[in-house]
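Tertiary structure, described
Listed below, chain by chain, are the residues.
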Amino acid sequence: PPLDDPDRLARQLARVCLRRGYAGAAADFDPPARPDRAALLQALLPLLASCGRALYVPEHYAACHGASVLLCTALSGGTLEGRLNQAASRYGAEHLALDFPVPCPSGQGTALTRSQLAALAAGRSTFYSDALCARYFTLTREGQTHFVLFDDARTLRRKLDLARQLGIRDALVMLPEVEDLLEPLFAGER
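Residues numbered from 1 in each chain as written. Predicted model: local features only at pLDDT ≥ 70, side-chain atom pairs only at ≥ 80, totals over all residues. Heavy atoms only, no water.

**Focus on the nonpolar core**
Ranked by internal contacts, the top residues of the largest apolar core, which has 25 residues, are L84 and L96. Put simply, the parts of the chain that give this core at least two residues each are β3 (68–72), α3 (80–91), β4 (96–100) and α5 (153–165). If you look at the next biggest cluster of nonpolar residues, it comprises 16 residues, including A10, C17, A25 and C64. (Core = buried A, V, L, I, M, F, W, Y, C linked by side-chain atoms within 4.5 Å. Buried < 20%, exposed > 50% of the residue type's maximum accessible area, 1.4 Å probe, protein only. Helix = DSSP H or I, 4+ residues; strand = E, 2+ residues; numbered from the N terminus.)

**Describing a positive patch on the surface**
Together, R8, R11, R15, R19 and R20 line one region of the surface with positive charge. Its location among the elements puts R15 in helix α1 (residues 6–20). (Patch = residues over 30% accessible without salt bridge, like charges linked within 9 Å, V, L, I, M, F, W, Y side chains within 5 Å. Areas by Shrake-Rupley, 256 points an atom, 1.4 Å probe, with all protein chains shown as cover. Salt bridge = Lys/Arg side-chain N within 4 Å of Asp/Glu carboxyl O. Lys, Arg positive; Asp, Glu negative; His and termini not counted. Charge placed at Lys NZ, Arg CZ, Asp CG, Glu CD.)

**Digging into the sheet that holds strand β7 (residues 144–150)**
Read across the open sheet, the 3 strands follow the order β5-β6-β7; overall the sheet is antiparallel. Two strands in the sheet have a free side with no partner beyond their single neighbour: β5 (127–129) and β7. For this sheet, the mean inter-axis angle between neighbouring strands, taken without regard to orientation, is 40°. The strands that helix α4 (residues 114–121) touches are β6 (134–141) and β7; relative to β6, the one it contacts most, it runs at about 65°. (Pairing = 2+ DSSP bridges. Axes fitted to C-alpha atoms, helices over the stretch in contact; angles between N-to-C directions. Contact = heavy atoms within 4.5 Å.)

**Structural notes on the environment of T79**
Inspection of the secondary structure assignment puts T79 in the loop between β3 and α3. Its relative accessible area of 38% is what places T79 among the partly exposed residues. The sequence separation of T79 and G188 amounts to 109 residues, and the corresponding C-alpha distance is 27 Å. Within the structure, the side chain of T79 is placed 2.9 Å from the backbone nitrogen of G82, a separation counted as a polar contact. (Polar contact = N/O pair within 3.5 Å; in protein donor to acceptor, adjacent residues only side chain to side chain.)

**Digging into the pattern of salt bridges**
Under the defined criterion, the tally for this structure stands at 6 salt bridges. A salt bridge links R83 to E59, with the nearest nitrogen and oxygen atoms 2.5 Å apart. On the criterion of sequence distance, the pair formed by R83 in helix α3 and E59 in the loop between β2 (54–58) and β3 is long-range, its members being 24 residues apart. By relative accessible area, R83 is classed as buried at 19%. Measuring nitrogen to oxygen at the nearest pair gives 2.5 Å for the salt bridge that ties R135 to D152. Of this pair, R135 sits in strand β6 while D152 sits in the loop between β7 and α5, placing them 17 residues apart in sequence. An identical accessibility class is assigned to R135 and D152; each is buried. A single salt-bridge network, built from bridges that share partners, covers R34, D36 and R37.

**Thoughts on the packing of α3 against α5**
The contact between α3 and α5 brings their axes to 10 Å, and the two run at 35°. Here α3 runs over α5; the crossing is right-handed. Seen from α3, the contacting residues are L80, E81 and L84; seen from α5, they are K159, L162 and A163. Per-class residue counts for the contact of α3 with α5 are 4 nonpolar, no polar and 2 charged. (Left-handed = near helix turned anticlockwise from the far one by under 90°. Nonpolar A, V, L, I, M, F, W, Y, C, P; charged D, E, K, R; others polar.)

**A short note on the sheet that holds β3**
The strand order β1-β2-β3-β4-β8 describes an open sheet built from 5 strands, whose pairing is parallel. Two strands close off the open sheet at either side, each with one partner strand: β1 (24–26) and β8 (170–173). Adjacent strand axes in the sheet meet at a mean angle of 25°, parallel and antiparallel pairs treated alike. Bridge analysis of β3 against β4 gives 4 bridges, and the strand direction is parallel. Bridge pairing links L71 to L98 in β4. Contacting β1 and β2, helix α2 (residues 35–50) runs over the sheet at an angle of about 155° to β2.

Printed below as a string of structure tokens:
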């Protein structure tokens, strides 16, 4: 629903971040950008910044200057390096964070559970795309060929390494999706 009082909600969110010891907040708003959501982010940003907390916003809210822009790493074309370079030129590497979303957040394609992915991949050759920094395989169903892209600890690590090379130091991952990958993904990290 529309936000009636973005300033009040921003104060409440900032208090929650402080009380719970959060390092910041991530605005997981679907496109398109809405004026009431933008007003909330503009009110929240200085409150969090004054307490040394970060605000992460989706790219369609990048006009919220001072917030870190979340860049989706799920690509189906082009190259991840090109995408990161373009975003760094546009927003500045210091204002970027990688986002490792649940598959197909835009609704294009089909999100799969780990067991569904394993069942589909069983017996198929799996390949690595250096350009996309993702693993993939193909399958045919009902006469249509499907291209299945997915990440594992190695592809996520490669995305993190590439981002660091370009000066992007932050990334957000959703714990349930990477829980089984934490050890190999963050080995040697503090």
